[in-house]
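Topology and contacts: notes
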Amino acid sequence: MPVILGIESSCDETSASICVDGAILSNVIANQTIHEAYGGVVPELASRVHQQNIVPAVQQSILNAKISKNDIDAVAFTRGPGLLGSLLVGVSFAKAFALAKGLPLIEVNHMQAHILAHFIDDPKPSFPFLCLTVSGGHTQIVLVKDHFDMQIVGQTTDDAAGEALDKTSKILGLPYPGGPLIDKNARLGNPDAYQFPEPQIPGLDFSFSGLKTAILYFIRDNVAADPNFIAENINDICASVEKRVVTILLNKLKKAALQYGIKDVALAGGVSANTGLRQGLKQLGEEMGWNTFIPQFQYCTDNAAMIAIAGYYKYLKGDFTGQDVAPLARMPF
Ligand code: KG4
Ligand code: ZN
């Protein structure tokens, strides 16, 4: 019954989790509110807050799991991709803890871990499946052949889907991070109120920069004509933007599923917390006869449970890392 401590610190969440024999017993997430004042994550501030939060987060995860730190068999940590300073805090903690307790280290790729979050709960997808991973920094369609055999078959050529939502919310004057607020407002608005363009990108790749510019010009022109435009129409704007982002994502996912002849289709990453996207995938899945998989909310945005479960599968394979490991801002699969 391997006991894995998982550590996540790639962006602005400090998280620690305990996984026992593939079951998540705790998942502590310390959010950083300091960035709200700046409209986006400030890397230097993020690393400093990680330093404050990492020990209490780990302590709490051990307490919540009702285990002792002496029960831990291995330490899994996010090696990358992410903000280097933020990653450095988690990697250094993991190395120090492992060294002090004489434990093996397991490095985890954050983007793979978002996908492996599907192996926390039942039912689990069967291989091969397709996963649409949408976060603040990435938009990928991944063909998942095995736990660690993954191939990116489509990805964004510019901005990520989450970035488009976060930038839209910034233009609307909403605080960071904007995705959840766009979601909240969109539930009260008409998704057909405004039409935004769907980019024509060949193959399975995405582009969100044209949409971002179209939204910027649309809001600028309407505010010039009526200074109260945003305040009076915020719900309809959010609903229409969300609808376009969701249709761009799902149209490519449908194309990929048809191209690869795949029926098990999953969502992952922070944007998979979005209500419109979750409903859209369910509906498309019913039309297409797919088995669809959507993680619980707590496993969508950044969390250490996904790192711990990825660590568990690597532990079973005996795939360990040396003490000389360093974090990577960019980390391909
Ligand atoms: O995976 P994640 O937590 O961090 C990265 O690895 O980037 O994803 C963060 C992204 C942000 O862009 C945030 O606005 C978005 O996920 N997000 C949402 C929702 N919750 C988080 N976007 C839309 N609707 C939501 N409910
Ligand atoms: Zn993430």
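Conventions used here
- Residues numbered from 1 in each chain as written.
- Chains lettered and ligands numbered in written order.
- Predicted model: local features only at pLDDT ≥ 70, side-chain atom pairs only at ≥ 80, totals over all residues.
- Heavy atoms only, no water.
- Pairing = 2+ DSSP bridges.
- Helix = DSSP H or I, 4+ residues; strand = E, 2+ residues; numbered from the N terminus.
- Axes fitted to C-alpha atoms, helices over the stretch in contact; angles between N-to-C directions.
- Contact = heavy atoms within 4.5 Å.
- Donors = N, O, S within 2.8 Å, 3.2 Å for Na, K, Ca; no water.
- Buried < 20%, exposed > 50% of the residue type's maximum accessible area, 1.4 Å probe, protein only.
- Polar contact = N/O pair within 3.5 Å; in protein donor to acceptor, adjacent residues only side chain to side chain.
- 1 Å grid on protein atoms, 1.4 Å probe; cavity = no way out; pocket = protein on both sides within 12 Å on 5 of 7 lines; lining within 4 Å.
- Points joined across faces, edges and corners; volume = space filled by probe spheres on them.
- Nonpolar A, V, L, I, M, F, W, Y, C, P; charged D, E, K, R; others polar.
- Core = buried A, V, L, I, M, F, W, Y, C linked by side-chain atoms within 4.5 Å.

1. Comments concerning the sheet that holds strand β1 (residues 3-8)
- Taken in spatial order, the five strands make up an open sheet running β3-β2-β1-β4-β5, and their pairing is mixed. Both edges of this open sheet fall to β3 (23-31) and β5 (105-109), since each of them pairs with a single strand only. Each adjacent strand pair in this sheet contributes to an overall mean axis angle of 20°, direction not counted.
- Bridge count between β1 and strand β4 (residues 74-80): four bridges; the pairing is parallel. The residue of β4 that forms the bridge with Gly 6 is Ala 76.
- Its contacts with the sheet put helix α1 (residues 43-64) on β1, β2 (13-20) and β3, and the angle it makes with β2 is roughly 25°.
- Contacts from helix α2 (residues 84-101) reach β1, β4 and β5 within the one sheet, and its direction differs from that of β4 by about 160°.

2. Here's the deal with the coordination of the zinc ion (ligand 2)
- Only His 110 (NE2), His 114 (NE2) and Asp 302 (OD) from the protein coordinate the zinc ion (ligand 2), and they sit 2.0 to 2.2 Å from it.
- Spacing between the donor residues of the zinc ion (ligand 2) along their common chain follows H-x3-H-x187-D. Of this pair, His 110 sits in helix α3 (residues 110-116) while Asp 302 is found in the loop between β10 (291-293) and α9 (305-317), placing the two residues 192 residues apart along the sequence.
- With relative accessibility at 5%, the residue His 110 sits in the buried group.

3. Quick notes on the side chain of Thr 139
- With respect to the helices, strands and loops of the structure, Thr 139 is situated in strand β7 (residues 139-146).
- By relative accessible area, Thr 139 is classed as buried at 1%.
- A polar atom in the side chain of Thr 139 sits 2.8 Å from the backbone nitrogen of Ala 161.
- Ignoring anything within four residues of it in the chain, the contact list for Thr 139 reads Thr 133, Val 134, Gly 154, Gln 155, Thr 156, Ala 160, Ala 161, Phe 206, Phe 208 and Leu 249.

4. Some details on the layout of surface pockets
- By volume, the largest pocket amounts to about 1,400 Å³.
- Lining the largest pocket are 48 residues; nearest its centre among them are Cys 11, Ser 135, Gly 136, Gly 137 and Tyr 176.
- As a volume, the second largest pocket reaches approximately 260 Å³.
- Pro 191, Glu 242, Lys 243, Val 246 and Gly 276 are the residues nearest the centre of the second largest pocket, which is lined by 16 residues in total.
- At the level of elements, α7 (229-260) and α8 (275-288) are the ones that each hand at least two residues to the lining of the second largest pocket.
- Looking at the lining of the second largest pocket, the element that brings in the most residues is α7, giving seven residues.
- For the lining of the second largest pocket, the class distribution of residues is six nonpolar, seven polar and three charged.

5. Here's the deal with the sheet that holds β10
- Taken together, the five strands give an open sheet; going across it, the order is β8-β7-β6-β9-β10, and neighbouring strands pair in mixed fashion. A single partner strand is all that each edge strand has here, and the edge strands are β8 (149-155) and β10. Ignoring strand direction, the axes of neighbouring strands in this sheet form an average angle of 25°.
- Here three bridges tie strand β9 (residues 264-268) to β10, and the two strands are oriented parallel to one another. If you follow Asp 264 over to β10, its bridge partner there is Asn 291.

6. A closer look at the nonpolar core
- Counting 46 residues, the largest nonpolar core has Phe 208 and Leu 249 as its most contacted members.
- Every element with two or more residues in this core is listed here: β6 (129-134), β7, α4 (161-171), α5 (179-186), α6 (209-225), α7, β9 and α8.
- For this core, the element with the most residues is α7, which contributes 15 residues.
- Sequence-distant contacts of Phe 208, defined by excluding residues within four places in its chain, comprise Thr 139, Thr 156, Asp 158, Asp 159, Ala 160, Ala 161, Ala 164, Val 245, Ile 248 and Leu 249.

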